[in-house]
There are 4 protein chains.
Amino acid sequence: MSSQIGKNITVSIFGQSHSQAIGAVIDGLPAGFAVDMEKVRAFLARRAPGRAAYATARREADEPIILSGLAEGKTCGAPLAMLIGNGDTRSKDYEKLRDVPRPGHADFTANLRYGGFQDVRGGGHFSGRLTAPLCFAGAICLQMLEQRGVFVGAHIASVAGVADAPFDPVRVCPADLQAVSAKPFAVIDDAAGAAMQEKIAQAKADLDSVGGTIECAAVGFPAGIGDPMFDGLENRLAAALFGIPAVKGLEFGAGFAAAEMRGSQNNDPFLLEEGRVLTKTNHAGGILGGISTGMPLLFHLAFKPTPSIARAQDSVSLSRKKPEKLEITGRHDPCIVPRAVPVVEAAAAIVLLDALLGA
Amino acid sequence: MSSQIGKNITVSIFGQSHSQAIGAVIDGLPAGFAVDMEKVRAFLARRAPGRAAYATARREADEPIILSGLAEGKTCGAPLAMLIGNGDTRSKDYEKLRDVPRPGHADFTANLRYGGFQDVRGGGHFSGRLTAPLCFAGAICLQMLEQRGVFVGAHIASVAGVADAPFDPVRVCPADLQAVSAKPFAVIDDAAGAAMQEKIAQAKADLDSVGGTIECAAVGFPAGIGDPMFDGLENRLAAALFGIPAVKGLEFGAGFAAAEMRGSQNNDPFLLEEGRVLTKTNHAGGILGGISTGMPLLFHLAFKPTPSIARAQDSVSLSRKKPEKLEITGRHDPCIVPRAVPVVEAAAAIVLLDALLGA
Amino acid sequence: MSSQIGKNITVSIFGQSHSQAIGAVIDGLPAGFAVDMEKVRAFLARRAPGRAAYATARREADEPIILSGLAEGKTCGAPLAMLIGNGDTRSKDYEKLRDVPRPGHADFTANLRYGGFQDVRGGGHFSGRLTAPLCFAGAICLQMLEQRGVFVGAHIASVAGVADAPFDPVRVCPADLQAVSAKPFAVIDDAAGAAMQEKIAQAKADLDSVGGTIECAAVGFPAGIGDPMFDGLENRLAAALFGIPAVKGLEFGAGFAAAEMRGSQNNDPFLLEEGRVLTKTNHAGGILGGISTGMPLLFHLAFKPTPSIARAQDSVSLSRKKPEKLEITGRHDPCIVPRAVPVVEAAAAIVLLDALLGA
Amino acid sequence: MSSQIGKNITVSIFGQSHSQAIGAVIDGLPAGFAVDMEKVRAFLARRAPGRAAYATARREADEPIILSGLAEGKTCGAPLAMLIGNGDTRSKDYEKLRDVPRPGHADFTANLRYGGFQDVRGGGHFSGRLTAPLCFAGAICLQMLEQRGVFVGAHIASVAGVADAPFDPVRVCPADLQAVSAKPFAVIDDAAGAAMQEKIAQAKADLDSVGGTIECAAVGFPAGIGDPMFDGLENRLAAALFGIPAVKGLEFGAGFAAAEMRGSQNNDPFLLEEGRVLTKTNHAGGILGGISTGMPLLFHLAFKPTPSIARAQDSVSLSRKKPEKLEITGRHDPCIVPRAVPVVEAAAAIVLLDALLGA
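Residues numbered from 1 in each chain as written. Chains lettered and ligands numbered in written order. Predicted model: local features only at pLDDT ≥ 70, side-chain atom pairs only at ≥ 80, totals over all residues. Heavy atoms only, no water.

Colleague: A description of the interface of chain B and chain A should follow, citing residues and the corresponding values.
Modeller: At the junction of the two partners, chain B supplies 99 residues and chain A supplies 99 residues. Sorting the residues of chain B by area buried against chain A places Phe230(B), Lys248(B) and Phe270(B) first, and these three jointly supply 11% of that buried surface. Our enumeration of links across chain B and chain A arrives at 6 salt bridges. Among the ionic pairs, Arg262(B) bridges to Asp206(A), the shortest N-O distance being 2.6 Å. There are 39 residue pairs in polar contact (both at pLDDT 80 or more) connecting chain B and chain A. The greatest single-element share of the side of chain B that touches chain A, amounting to 6 residues, is contributed by strand 11 (residues 247-252) of chain B. Here the side of chain B that touches chain A is built from residues that sort into 49 nonpolar, 32 polar and 18 charged. Relative to strand 11 of chain B, strand 11 (residues 247-252) of chain A is paired through 3 bridges, and the arrangement is antiparallel. (Contact = heavy atoms within 4.5 Å. Buried area = accessible area lost by both parts, 1.4 Å probe. Salt bridge = Lys/Arg side-chain N within 4 Å of Asp/Glu carboxyl O. Polar contact = N/O pair within 3.5 Å; in protein donor to acceptor, adjacent residues only side chain to side chain. Helix = DSSP H or I, 4+ residues; strand = E, 2+ residues; numbered from the N terminus. Nonpolar A, V, L, I, M, F, W, Y, C, P; charged D, E, K, R; others polar. Pairing = 2+ DSSP bridges.)

Colleague: Mind laying out unusual backbone geometry, listing which residues take part and the relevant values?
Modeller: All names here are of chain B. Positive phi values are uncommon outside glycine, yet Ala-160 reaches one of about 50°. Structurally, the position occupied by Ala-160 is in the loop between strand 8 (151-159) and strand 9 (162-163). For Ala-160, a relative accessible area of 17% translates into the label buried. (Buried < 20%, exposed > 50% of the residue type's maximum accessible area, 1.4 Å probe, protein only.)

Colleague: Got a sec to walk through the pattern of salt bridges? Specific residues and values, please.
Modeller: It is possible for side chains bearing opposite charge to pair when their charged atoms get close. Scanning the entire structure with this criterion turns up 76 salt bridges over all chains. When the shortest N-O distance is used, the salt bridge between Glu324(A) and Arg320(A) registers 2.7 Å. Judged by its relative accessible area of 25%, Glu324(A) is partly exposed. Judged by relative accessible area, which is 46%, Arg320(A) ranks as partly exposed. One salt-bridge network, in which partners are shared between bridges, spans Arg113(A), Asp227(B), Asp231(B) and Arg236(B).

Colleague: How would you sum up the relation of the copies chain B and chain A? Please name residues and give values.
Modeller: Between the two copies, chain B and chain A, the superposition gives an RMSD of 0.0 Å; the rotation angle is 180° and the shift along the axis is 0.0 Å. Overall, the copies show the geometry of a two-fold rotation axis. Comparing interface residues between copies, 100% of those in chain B also sit at the interface in chain A, which points to an isologous, same-surface contact. (Least-squares fit on C-alpha atoms with pLDDT ≥ 70 in both.)

Colleague: Could you give an account of the packing of helix 3 (residues 131-147) of chain A against helix 8 (residues 337-357) of chain A, with specific residues and numbers?
Modeller: Packed helix pairs are characterised by how far apart their axes lie and by the angle those axes make with each other. Residue and element names in this part refer to chain A. Helix 8 packs onto helix 3 with a crossing angle of 50° between their chain directions and a minimal axis gap of 7 Å. On the basis of their axis angle, the class for helix 3 and helix 8 is oblique. Where helix 3 crosses over helix 8, the handedness of that crossing is left-handed. Along its contact with helix 3, which presents Thr-131, Leu-134, Cys-135, Ala-137, Gly-138, Cys-141, Leu-142, Met-144 and Leu-145, the element helix 8 presents Pro-342, Val-343, Glu-345, Ala-346, Ala-349, Ile-350, Leu-352, Leu-353 and Leu-356. Residues belonging to the contact of helix 3 with helix 8 are distributed by class as follows: 15 nonpolar, 2 polar and 1 charged. (Axes fitted to C-alpha atoms, helices over the stretch in contact; angles between N-to-C directions. Parallel < 35°, antiparallel > 145°, perpendicular 65-115°, else oblique. Left-handed = near helix turned anticlockwise from the far one by under 90°.)

As C-alpha cells, this is what we get:
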C-alpha cells in the first residue's frame, strides 16, 4: 500500500499536514527492546523546523505520544503506534491552491488521483511533515540496528553545486557518522557547509530555493544479506528512499560515475585483512547482486529545490481552464536538504533492520 | 519475494544461466488479449547476443515456449507460463570460480547468502541471461500498453562518456521511440553511436569493458496514476529497475541535475494546450508526488562496466584464505548497455501496466 | 503482517487491552466518501460491553477519534487513522497471569512468541477489545458497500446447541439483515434467543461459559468477483475471519453438511429469472471456484466458549515448573457470541469491499 | 496473487487442465537441501488417478521435470521451477460446456470473471489437475519439515457420512501418520474404509457422487510459532486450504463441536510432562491466539461431492438465455476425497514450512 514499507517489519505512516495528528504504526518489531525515548526525541529534533536561517519559520511541537506497543518501556510484540499532534497550522493559507496547483508540487496530480477530494491544507498527505513519523520509526530502527552493531549516518553532500567532502568509501566508521550527525549543519567540511549556507541565504533573498544531494552510509552491516533480482538491498532501499519528498535520483557506490569507468577501474578487487574478505575499493557501494558484501553500504540521493518559492509562477486555474499567476504565501524552507538528512537515515534504517530481521 | 515483481500482475522469473531452462510466470493478466508472438520474438531478438562485435560470441536460441495461460492464442486469465531452453552452455568454464570470486560479480555475496550451494555455472540465477524471460514478460506488457495508447522506448544515452542526443522531454512521441528501437545500435544520433562502438571496440582490444547509461521514456501514460509515499511510480519503477543486473543509478526527469538548479528553474510551469493541462518543461520526468502528470515519463539508468574482463584481476581463495590472481576465460560482452535497452523497456512496461491495471 | 488485512485497502489494527489507546489505520479507501459518524457509533455500540446480563460488567467508552484521512467529513485519499482511548482498566487483575497461563487463552503461546515481554494486562494485543477498531474499519466499509448496493448482516445461529432459524439461502434480502441487526440480541427467532440467553445465564451461574455459532450473509454482491486458487473469496474471507478471537471453524454454504450429500443434491441447478442467471438452491454459499455467483454469500463461524471462567482451573507455573491451580478474577462475558455478531460483519465487509475495489 | 501462496517461501502454480504443461515455481527455499526425487514421485503417485475403482479412468503421467533451482541435486537458492506435461487429454469433451455451465463448477463464474475467454477444456485453471504441482511443492516442503522434526499426515475422516476413527488429538505420533499414508485407501479403520468404498461404488452406480471430510495432523511442530490476529497459523492454513478445489469447510481442533461445549470442557488444562508444558486435552488443535502450543496441530476439512456427475442436470444456455438440460460425458471421480488426502498434506506443509522459516 502507498503509505507502508517493509516486509518483516511494516511501517505505516498516516496523517495530513493539517489533520488532527500524524503518526506511524510499526508492526513486527522484536519484543523486549527497551526504547530510549530521549534518543528518539533528539533524533526527531534533527529534522524539526525553526532552528536555523535556512529552515521554515513554522514551529512544530513534534512530541511523539506512544499509543501502544510498549509495556514497561519495552517493545511487547504488539504494533508500536505513535502520534504527533498537529498544532501550529494556518489552514487558510492554502485554500486558494485547490484550483490553482503549485508548480513542482503534487497539488495537480493529487487532484486527479483523488478526484478533487484531497486535503489541500499544507500539502495534505504529500507534505514533508509526514517525514516526522517516518523519522520516529527510523529512530526506533536505528536503536535496534546499533544493538546489532550497525550504524547509519548521512551528511549533506552538496547544496546548489557546492560539495562537501565525501565519506571514505572503504574506511568510514561509526565515529565518522556520529561526528557529522552531531553538527547543527550536517557536513564533514565546515567550510563547504558555510558556502552552502551562503547559497541558501542568497536563494532565500532572491525569493527562490536550491536543491542538493545527501550521502548516506551504513557501517557494520553484515555480509550476505539481501536477495537477487527484485528484492535486493538496492531495490528495497530505492523503494523506500523515493518515498522521501523531493528525491529525484539515487545511486549506489560509484553510481553514475561507474558508467564512465572501465571494468578494470570499477571492479573492486578482493583482498584479505585479518582473515576477513574485503574489497580494496568500494565502487559497488557494499552491494553485489543485491546482497551485502560487508563493506560500507553507500548511496547518494538527489533532492530537487523546494518547489514552494515566493516568486510569482505560471500556473492554470483548473476550474476556469485559463492561465493564472500564482504567488505562494506560506512559510517554506529555501532548501530542504539539511532537514532531510535524518529522514534519509530513518528510511535506510527501516529497510536495513527489515532485511536483517528476515535473514 | 526475490524474483517476483508486481502487485496487480505478478511476474515471477526462474532459472539459472545453465539450468535446464529459464522462464517466467505472469499472473493476473487481463483475459482476452491476443498475443502477437511474432512481435514478442522480434523484441527478444533485440536483447539476444551474438549479433554484433560488441556482444558476446555465445549464441542463445531464445525461442519462448508457452506452457499455459493462452487459449486459442488469447490470454485466458490463468497464469501465463513460459520457458526458454538453455542450449549452448559450457559449464566447465565456471567450475574454478566457486572458490575464487570474480570482482564486481555476485559470486562472493551469493556464496555467503546460499552457504556455498549457489549454482556457479554462468553466474547462476544472477546471470544476465535471466533478463530473457524478463523481456518476454515485458513484451507482453508492452503490447497491452500499446492497446491502451501507452508507448515505452529507450535508447543508449551514453557509453564510456560519449553521449547520445536526449529525447525531447516535452515533445517525445511514439514515432521517436519506434525510430530508435528499430536500429541495431539504439541511439538517436548515429555519429555518437559510431563513437560509442569505437569505445567498446577499444575496451575489448584492451581486454577491458565499459559502462554507460540508458534513457527511457513512456508516452501516452495517463495523468493521475500512482500513489503517494512508498507506492509512487518512482518507487515502483525503482524497485523493478534495480533488478536489472549492473544498474547502479537511477534518476527521474532532471534527476541529479535538479539538485544544482534553483526552484524557479526546476519547477515546471503549468500551461493549457487545447484544454489539456501540460507543463512547459518536464524536469519532473512526468511524476509529481509519485503520481503521473500526463507528461512523458522519463528516467535515466547508470550501468556499470561489465565486471567480467579478460585481464588478470586480484581476488582471494575463499577456502585457502589467501590472495589469488584470477583470469576469466568465458565469453562476455565488453559493454552490456546495448543489449540492456530492451530489458529496461521490459521492466518499465511491467510496472506501468501493473499501475494502469490497479487504477 | 500479523495485524493487517487487505490488498486494495489495508486495515492495520494496533493496541493492547490496557495500552493508552487502540486503533486502526485504513489505507486505500476511495476518496470523496462522506462518512456517517452517527452510523459508525451505532455500529460500534452493537459490540460494546455492559449492555446486558450476558456481557462483561466492564464499561468501555468506545468513542472513536479520527486522527487523519478525512477532509470536511469526506475521505481524502490519505490513510484514515482512528483511535479509541483505553479508560476503565484494572491492570492489577492480570499481573499474576504472566507466570501461570490461563487455559484456552494466548497467555502461554504469547509468552513463547515474545520471550516473556508480551503485555499481559487484559490479554494485551490478543484481547477481544481489539475488535473495536476492527469494527470501526468495518463500519466504514459497510457504508461504502451499501453505497454500491451490497448489504452484510449476521445473526447468532446457535448458542450452546440452541439453534436460531437460518437465513433463507436463496431469498435473504437486505431487509432481513437489517431486521436482525436492529435487535439487542441478534436472532431471527426470538424464542430461540430467549432459550439461548437462558443457557448463557445458567453457564454464568455455574461460573462457566458457552460457545456458539454465527451465520453471516452478504446480499447484492455482484457475480464474477474473486480469483481462483489461493485468492478466492473463501480464502480471503477465511484469512480475515480466523483473525476474530475464539473462531475455530468456518464453512461456506452447506459446508460440512455438503460432505454428507450426493452431488445430485449439493449441486445448485442454474435457472433464469428475469434474464438473470440464478441458482435454484445455494449450497455453494454464493461462491464457485473462489468467484461470486451473484447469489447471497453465506458462511457460518464456530466460536469456542469464553476461555476466562471463574472456576478454578489446572495450569502450571512457568517459572517454577510445577502444577498450579488458577482462579481468574477479572470480568468476562459468559458468552462472547452476541457481541461478536458485528465483528463478523465488520471483517466480512473489509474483505468484500477490498475485493470489489480490486475488480 | 491468485495462484500464489506463502510469504517466506512463495509457491506459484501455473497451468490449465489441457494446456501444454502445468507446474510450479517455488521461491525462497533454503539452499543446500538434497531433494529426494524418489520420495517426491511416491508422494505424487498418491494423488494420481487411475489406481482404483473410485478414481477417474483418465491416466496422467505426472512425471515432474525440474527446470531450475537445483544444482547437483541440491537446492541452490534460485527459484525451483517444475513442470508436468499434459498428455492424455480429450479436449473435445468440453467444448459444449462454454455456453452451458456445469452446476457446482466454476464454469459460470469463470465465464463472468474472464469475459468468456477462460480455457474451458477440462476445467482450465480451476481443474483438480492443478493440485499435481501443488503436491510437488508440498512434497519438497514435507521433506524439509521432516529434516526439522515436523511430520504432516492426513486421512479420510469420512465419506458420505461413514466416519473413520480419529487421530488421538494428544498422542498422535509420526508413526501413526506414516501408517495411514502408506495405505492405498487412507483410513485408520479399514472396516470403515471398506464401507466408504461401498458408498462410493453405490454413488457411481447411481451416476452420482459423494463428498467427505479429511483430518490432518502435524506432529513435532515447535511451540511459539505464528502471529496474532490476521497472520496466525489458522489464518494462513485457511488461506491455503480453501485453495484446494471442493473444500467448503474448515475447523481447527474441536471446531464446530467447541461451539456446543462449555468453557470448563473446552479449555485445555496445562500440565507438565518431563519438564515440558503440555495440555491434557487438545481442543485447541494446537493453536492458541494464532500461535502453536507445541501440541499436535489438528484440523478437519469438508469436501463437497464431485460436481461432475453423469446424470442430466438443469442448467441454462448463457447465449440463448434459456434453460437447458446438461449431460456431462467426461471421466470423473465419484469421490475426490481419497485423492485429496496428499493434497491437504501438501498445502499444510507449504504453510508450516513457510511459518517455520519466518520464525
